[in-house]
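# Breakdown of the fold
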Amino acid sequence: MKKQFRSILNEKGRKELPNILLAAAECAPLSKTGGLADVVGTLPKALKKLGFDARVITPYHRCIKDKYADRVEHMFDFYVNLGWRTQYCGIERLMLDDVCIYLVDSEFYFGDKIYRGGQAEGEQYAFFTRAVLDAIPNLGFMPDIVHCNDWHTAMLPMLAKTQYGGAIQGSLRWLLTIHNIAYQGKFGFDYVQDLLGIEDKYYTPEFMELNGCASFLKAGCVFADRINTVSPTYAQEIKTAYFGEGLEGILSARSSELSGIINGIDTRVFNPYTDPALPARYHKGRLSGKRLCKLELQRNFGLEQRAEAPIFAMVTRMTEQKGFDLVERMLDELMQYNDMQFFMLGSGDKDYEDFMRNSETRYKGRLCAFIGYNEELSHRVYAGADFLLMPSRFEPCGLSQMIAMRYGTLPVVRETGGLKDSVKPYNRYTGEGTGFSFADFNAHEMKDAVLLALECYHKPEIMQSLIRQAMEADFSFDRSSEEYAKLYLWML
Ligand code: ADP
């Protein structure tokens, strides 16, 4: 056990590391729609290396059944009371990479969709919440801390503390991680009350009421013992009205129990020296392979074959969050500069997709818009581009900028959330930096940052040095898992 952990345990008067149960709607590689799944999938493995027994409880979605059914072992089943319904619930167990994953089985709630959307999603995850609480005493594994993630599991601490007094669930400690505060799980109170039997007195602004709705996430912010988010800057930002989505009050009040831990990436998967998706491999000491990746990208996607033309790329969901309004506003001006090329890989809002398709026609040979989701191509884009543009309106953590740096592609980002915490902006006096940044959500500020990037691009020594610094930065998950380990210990 690490010395640092031992000394915290001593201070807490404990000898053993706590048992951790992570509860989440998705868990990679079993089920995944976003970054949450990566954290839930990677964290227990990393914690295991630090000596923790960390397990996961997650819905047994159809996509998991399809792939893993023959490896899953049935543990027990029971009936869950949900409003007027009584529903079957099975608890299955799957061992994956030495991590124990409990799967909550219900054909009724976990069919094809991980998220059903609308009211139905509220019932889906109310069921999951009740199932987790009722299953805990029978798992044969007693967690000290239950680590909840986002609104789907945010009701766990409230129910445990208000409905399970005297039972084992009522004595556990609860951590809530907010991956994106914009998604809160807001429903009519009568509906939630009917499903989960919540007393009237909790439907007030002090507890779970928000703008005339019952907010699952707010309940979590009120009742969890500790709250954290996925970057230190985002932890500060969500205490303000601009970012807080109505939860800034409770989060400011609980400021001393709120912190931020930046996520990491899987550095074995994202490694330009071993990545099978790339046409050529490279490392920071030998970048010739990166040049080949660029030429291949240009060749395969109809861009002019010019190694000296800088490529700016975006690999992203195309939504307002990701700053597409700024891109729309500035694209024409930027395309006037220095034979710049642009590669868009993404999908999302139709208006943004149409804008990029239209731009492809207008800038034939200089702009490629690949509308869709393509994991393998994303690797080739990270390797082949020179810069990654990420002008997000808000960004709780962001993974794309870390992946880009690992591939020696310099991010140009807005200074918000995890972008601010992971990209060191170029300093022309010291030569330090791993990318470029701008402060305000403003198209002209973004343009200035892009122009500075272009200026550096034409100074090979500066560029080489920035690429080296970016590739040397540590974005491994081990760093995050140590922070989580300390947070758990302080919660005891
Ligand atoms: P968010 O979770 O808000 O979408 P992140 O930057 O945290 O943003 O994570 C996005 C992840 O999804 C990155 O790994 C990125 O490479 C990947 N990604 C996004 N869009 C695409 C796409 N169209 N094709 C392939 N990968 C994508």
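The following refers to the structure shown. The residue numbers shown here count from 1 along each chain, following its written sequence. Local features in a predicted model are, by the rule used here, given only for residues with pLDDT of at least 70; side-chain atom pairs are given and counted only at 80 or more, and totals for whole chains, interfaces and linings are based on all residues. Hydrogens are left out, water is left out, and the side-chain values use all remaining heavy atoms of the structure.

## Quick look at the overall build of the protein
When helices and strands are tallied, the protein shows 19 helices and 18 strands. The size measure is the radius of gyration over C-alpha atoms, and the globule rule it meets is 2.2 Å times the number of residues to the 0.38 power. Radius of gyration (C-alpha) of the protein: 24 Å, near the 23 Å computed for a compact globule of 492 residues. Seen along its three principal axes, the alpha-carbon backbone of the protein occupies a region of about 70 × 50 × 45 Å. Expressed as a percentage of its 492 residues, the buried residues of the protein come to 58%. Only heavy atoms enter the contact rule, under which two residues are in contact if any of them lie within 4.5 Å. Of the contacts formed within the protein by residues at least 6 apart in sequence, a portion of 71% connects residues at least 24 apart. Secondary structure elements are taken from DSSP: a helix is a run of H or I of four residues or more, a strand is a run of E of two residues or more, and numbering for both begins at the N terminus. Relative accessibility decides the category of a residue: with a 1.4 Å probe and only protein chains considered, values under 20% of the type maximum give buried, values over 50% give exposed, and everything between is partly exposed.

## Digging into the packing of helix α2 (residues 35-49) against helix α19 (residues 477-491)
Between α2 and α19, whose axes approach to 9 Å, the crossing angle comes to 75°. What the angle tells us is that α2 and α19 run roughly perpendicular. The segment α2 lies against α19, with Val39, Thr42, Leu43, Ala46, Leu47 and Lys49 engaging Phe477, Asp478, Ser481, Tyr484, Ala485 and Tyr488. The nonpolar class holds Ala, Val, Leu, Ile, Met, Phe, Trp, Tyr, Cys and Pro. Asp, Glu, Lys and Arg form the charged class, and all remaining residues, Gly among them, are polar. In terms of residue class, the contact of α2 with α19 is built from eight nonpolar, two polar and two charged. Orientation is described by axes fitted as lines to C-alpha atoms, over the contacting stretch for helices, and by angles from 0 to 180 degrees between their N-to-C directions. We call two directions roughly parallel when the angle between them is under 35 degrees, roughly antiparallel when it is over 145, roughly perpendicular when it lies between 65 and 115, and oblique otherwise.

## As for the sheet that holds strand β11 (residues 226-229)
The rule for pairing is simple: two strands pair if DSSP sees at least two bridges between them. Read from one edge of the open sheet, nine strands run β3-β4-β5-β2-β1-β6-β7-β11-β12, paired in mixed fashion. Both outer strands of the open sheet, β3 (73-82) and β12 (258-260), are each paired with one neighbouring strand and no more. When the angles between neighbouring strand axes are averaged without regard to direction, this sheet yields 25°. Bridge count between strand β1 (residues 20-23) and strand β6 (residues 145-149): four bridges; the pairing is parallel.

## Section: the packing of aromatic side chains
The rule is short: rings of Phe, Tyr and Trp, with Trp giving its six-membered ring, pair when the centres are within 6.5 Å, and they are stacked under 30 degrees, edge-to-face over 60, tilted in between. All told, the structure shown has 30 aromatic pairs when counted by the stated rule. Taking 4.8 Å as the distance between ring centres and 75° as the angle between the ring planes, the aromatic pair formed by Tyr242 and Phe243 counts as edge-to-face. Pairwise contacts between aromatic rings join Phe108, Tyr109, Phe110, Tyr115, Tyr125, Phe127, Phe128, Trp151, Phe187, Tyr191 and Phe216 into one cluster. The ring of Tyr60 carries Lys65 above its face, with NZ or CZ at 4.9 Å from the centroid. In this analysis the charged atom, NZ for Lys or CZ for Arg, is taken to sit over a ring once it is within 6 Å of the ring centre and within 35 degrees of the ring normal.

## Re helix α1 (residues 3-12)
For α1, the set of buried residues is Phe5, Ile8 and Leu9. Viewed end-on, α1 has its buried residues packed into an arc of 100°, placing them on one side of the element. Exposed and facing more than 90 degrees away from the buried side of α1 are Lys3, Asn10 and Glu11. Next to the buried residues of α1 lie α19. Following α1 by one or two positions, Gly13 has its phi on the positive side, about 70°. What the arc covers is the set of directions going from the helix axis to the C-beta atoms.

## Overview of the side chain of Arg226
One can find Arg226 in strand β11. None of His or the chain ends enter the tally, which takes Lys and Arg as positive and Asp and Glu as negative. In the sections that follow, a salt bridge refers to a side-chain nitrogen of Lys or Arg positioned within 4 Å of a carboxyl oxygen of Asp or Glu. Buried charge Arg226 goes without a salt bridge, the closest partner of opposite sign being Glu257 at 6.8 Å. By the criterion applied in these results, polar contacts are pairs of N or O atoms within 3.5 Å in which, for protein atoms, one can donate a hydrogen and the other can accept it, and in which residues neighboring in sequence qualify only through two side-chain atoms. Among the polar contacts made by the side chain of Arg226, one reaches the main-chain carbonyl oxygen of Glu257 at a distance of 3.2 Å.

## Looking at the site of the ligand
The near set for a molecule or strand comprises every residue that places at least one heavy atom within 4 Å of it. If you check the shell around the ligand, you find 18 residues, and the closest are Arg317, Lys322, Gly372, Tyr382 and Leu399. Lys322 places a polar side-chain atom, nitrogen or oxygen, 2.9 Å from an oxygen atom of the ligand. Here Gly372 contributes a backbone N or O atom positioned 2.8 Å from a nitrogen atom of the ligand. The protein chains shown are the only cover counted for residues, whose accessible areas, like all others here, come from Shrake-Rupley with a 1.4 Å probe. Considering the ligand on its own, with 570 Å² of exposed area, one finds that the protein chains cover 85% of that surface. Secondary structure elements with two or more residues in the shell around the ligand: β13 (311-318), β14 (341-348), α14 (375-384) and α15 (400-406). A per-class count over the shell around the ligand returns seven nonpolar, seven polar and four charged.

## Considering unusual backbone geometry
Of note, the amide linkage connecting Ala28 to Pro29 takes the cis form, showing an omega dihedral of 5°. For Pro29, the location among the structural elements is in the loop between β1 and α2. Non-glycine residue Asp97 carries a positive phi angle of around 50°. As for its position among the elements, Asp97 is in the loop between β4 (85-96) and β5 (99-105). Exposure remark for Asp97: the relative accessible area of 54% places this residue in the exposed category.

## Re the pairing of β6
With five of five residues buried, β6 lies mostly within the body of the structure. Because side chains alternate across β6, one face comprises the buried residues Ile145, His147 and Asn149, and the other comprises Val146 and Cys148, equally buried. Pairing of β6 with strand β7 (residues 173-178), which is carried by five bridges, proceeds in the parallel orientation. The residue bridging His147 from the neighbouring strand is Leu175, located in β7. In terms of handedness, the path from β6 via helix α5 (residues 156-163) over to β7 forms a crossover that is right-handed. Convention used here: a crossover is right-handed provided that the path from the first strand, over the helix, to the second strand proceeds clockwise when the strands point away from the viewer.

## So, the environment of Thr233
In this fold, Thr233 is placed in helix α8 (residues 232-237). Since its relative accessible area comes to 13%, Thr233 is described here as buried. Measuring from C-alpha to C-alpha, the distance between Thr233 and Leu419 comes to 8.8 Å, with 186 residues separating the pair along the chain. Those residues in contact with Thr233 that sit more than four places away from it in its chain are Thr416, Gly417, Lys420 and Asp421.

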